[in-house]
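# Structural characterization, general
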Amino acid sequence: MAVTQPIRSKQQVRALAEYYLHKGQLRNYVLVTLGVHTALRISDLLRLKWDDVYDFEQNVVRKTVDLIEKKTKKSKTIALSKAVAGALAMLAASSARRGRYLIENCATQKAIGRVQAYRIIRAAAENLGFKQRYSCHSLRKTFGYHAWKSGVSPVVIMDIYNHSSLAITKRYLGITQDDRDAVYLGLNFYDEAKPA
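Throughout what follows, the structure given in this document is the object of discussion.

Moving on, we come to the overall build of the chain. Within the chain one finds 10 helices and six strands. Taking the principal axes of the C-alpha coordinates as reference, the chain spans close to 70 × 35 × 35 Å. Looking at the 196 residues of the chain, the share that counts as buried comes to 39%. For the chain, long-range pairs separated by at least 24 residues make up 61% of all intrachain contacts whose partners lie at least 6 apart in sequence.

Listed below in structure tokens is the structure:
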């Protein structure tokens, strides 16, 4: 069985989300945007309701979302970035209803299933011509991969993922030889100084 990979290119991450934005499919745009910005497992993402992310009294997107992870049973608070808040605000204009699922099937008013979420990610990746195998889990891995590439401590990423060891997190992020080579080639202690 092939291992799901993170989306290593920021341009591909943007293209994946914008694929649905340009098609006017805001629910799918929110699915991708939330997935790459929150590191939530798809099971947790699909359980979110509008009440979790939207303050109906103030008519604004919340600054954080609080939840109990389905797999670990641990509580988690996630700060919602500007990108997430913007995506949610766009969708809220037409879809925000108390008690309703955030990523819902309009016909049944229930959350879409994991298989449908996978099809959404897969369809966009295929239509965009991506070569790697991407799935819902790629969104979660993408968060950690880009956090690591931007200099976030692996220990913090391990904590966000609730991993029990750094070895698991390293394997999970899909760190490749190219990533290791970039570190070797990028360090320069002599600041381009010429030998004396």
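On we go from here.
Glancing now at the pairing of strand β3 (residues 64–68). Here β3 shows one buried face, formed by Val 65 and Leu 67, and one open face, formed by Thr 64, Asp 66 and Ile 68. With five bridges connecting them, β3 and strand β4 (residues 75–79) associate as antiparallel partners. Across the sheet, the residue bridging to Ile 68 is Ser 75, located in β4. Between β3 and β4, which follow one another and run antiparallel, lie six residues, and Lys 73 among them has a positive phi close to 65°.

Counting across every chain of the model gives six salt bridges. The partner of Asp 44 in a salt bridge is Arg 47, and the shortest N-O contact between them spans 2.9 Å. Note that Asp 44 and Arg 47 are positioned in helix α3 (residues 42–47) at a spacing of three residues, about one turn of the helix. Residue class for Asp 44 comes out buried when judged on its relative accessible area of 2%. Across the pair Arg 100 and Glu 104 runs a salt bridge whose closest N-O atoms are separated by 2.6 Å. Residue classification places Arg 100 among the partly exposed residues on the basis of a relative accessible area of 24%. Relative accessible area serves as the criterion here: at 9%, Glu 104 is assigned to the buried category. Residues joined in a network through salt bridges with shared partners are Arg 41, Glu 69 and Lys 76.

About the cut-offs
- Residues numbered from 1 in each chain as written.
- Predicted model: local features only at pLDDT ≥ 70, side-chain atom pairs only at ≥ 80, totals over all residues.
- Heavy atoms only, no water.
- Helix = DSSP H or I, 4+ residues; strand = E, 2+ residues; numbered from the N terminus.
- Buried < 20%, exposed > 50% of the residue type's maximum accessible area, 1.4 Å probe, protein only.
- Contact = heavy atoms within 4.5 Å.
- Pairing = 2+ DSSP bridges.
- Salt bridge = Lys/Arg side-chain N within 4 Å of Asp/Glu carboxyl O.

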